[in-house]
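In case you want the letters, here they are:
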Amino acid sequence: MPRDASELARRLARDAEAVCRHYLSKGRRQGRYWTVGDARNTPGRSMFVRLSGLDSGPGAAGHWTDAASAEHGDLLDVIRESCGLVEFRDVAEEARRFLSLPRAEPPYEPRPPAPTGSPEAARRLWAITKPIVGTLAEAYLRARGITDLRGCEALRFHPRCWYRPDERAPTESWPAMIAAVTDLSGAVTGVHRTWLAPDGLGKAPIDTPRRAMGVLLGHAVRFGAAGDVLAAGEGIETMLSLRCAMPAMPMAAALSASHLASLQFPPGLRRLYIARDADAAGETAVAALTEAAEAAGVEALVLSPQLGDFNEDLLAFGLGAVRASVRAQLVPQDAVRFMRRRMARTG
């Protein structure tokens, strides 16, 4: 009985058209190919599945390419995507069922669905994302002026992340930048999703292109390990813009003004820089977080943008101007400590 992926893929490829008719039923045969919108069985013609060919390697039967997204794979990937599966053992079991093969031993009991919006659902989504480098999420950040993504392991990418406008609307999927929300120990408690336009040059044209799920209160999207100094603010792009100016300083994005006001302080924190958003909610958050910091014996200092936030400053004035503005607002020893490293790296 086949147990590995390559043997299952070869067996599926021997009857590729039957596999396509079953899992990609919204497509149709065109010559030597099966055409459909994508591997999730969306109507269309951008994806091509080879129905005949070699047993393996380039030109093998069962291999497919999506001209719209540049994705490619084999018929196991088709089963995974069309059935909405995550774990390979579930994909393999479905393939064995289709091929009428004996079930793998020991029998696998699938996990129950995670409650919508729960920390477990957030962790499952995070587990199926991929690194941000070379993806539409990287293109999105570059379009926002953010080009230095070293140390940004808290950001990943999902090519087709579910989006539902409301409970009555049908589910859609868009590419998305996924950010891990973690507690002080580094455990994932939630995720933040930024749905993106198909070219990655902006957010998706939907009503709410940003949403978070899981447990967020007190936690944050973190860049770097916090020590005695930390910078914290609301938005991911805001904090990444600051990080371009001083990449050695640990930073935390709390995702909203209300969550910023409730941010938990890491042990040993001595000084907190608060990146202010220039609006009423931002001012309220700064006041609340400053009060909490002082009560905890942490010095709180405010970093103020010239415009609405530091990403607006970065886009309007450039990195040099942001660096100069931030330097003037830092404690002198922190300017030496966190900004000279940038000069050493780029010099």
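These notes cover the structure that comes with them. (Residues numbered from 1 in each chain as written. Predicted model: local features only at pLDDT ≥ 70, side-chain atom pairs only at ≥ 80, totals over all residues. Heavy atoms only, no water.)

Let's shift gears to the pattern of salt bridges. Per the stated rule, a full pass over the model turns up 21 salt bridges. The network of salt bridges with shared partners includes Glu-71, Asp-77, Arg-80, Glu-81 and Arg-160. (Salt bridge = Lys/Arg side-chain N within 4 Å of Asp/Glu carboxyl O.)

Of the volumes computed, that of the largest pocket is approximately 1,500 Å³. Lining the largest pocket are 37 residues, with Gly-84, Val-86, Leu-125, Ile-128 and Trp-162 sitting closest to its centre. When contributions to the lining of the largest pocket are tallied by element, the ones reaching two or more residues are helix H3 (75-83), helix H5 (119-127), strand E7 (155-163), strand E9 (188-195) and strand E10 (210-214). With six residues, the single largest contributor to the lining of the largest pocket is E7. Tallied by class, the residues present in the lining of the largest pocket amount to 17 nonpolar, six polar and 14 charged. (1 Å grid on protein atoms, 1.4 Å probe; cavity = no way out; pocket = protein on both sides within 12 Å on 5 of 7 lines; lining within 4 Å. Points joined across faces, edges and corners; volume = space filled by probe spheres on them. Helix = DSSP H or I, 4+ residues; strand = E, 2+ residues; numbered from the N terminus. Nonpolar A, V, L, I, M, F, W, Y, C, P; charged D, E, K, R; others polar.)

Further remarks concern helix H2 (residues 16-23). Inspection of H2 places Ala-16, Val-19, Cys-20 and Tyr-23 among the buried residues, and these make up the whole buried set. In an axial view of H2, the angular spread of the buried residues amounts to 95°, which keeps them on one side of the axis. Elements that come into contact with the buried residues of H2 comprise helix H1 (5-13), strand E2 (33-36), strand E3 (47-50), H3 and helix H4 (88-99). (Buried < 20%, exposed > 50% of the residue type's maximum accessible area, 1.4 Å probe, protein only. Arc of directions from axis to C-beta. Contact = heavy atoms within 4.5 Å.)

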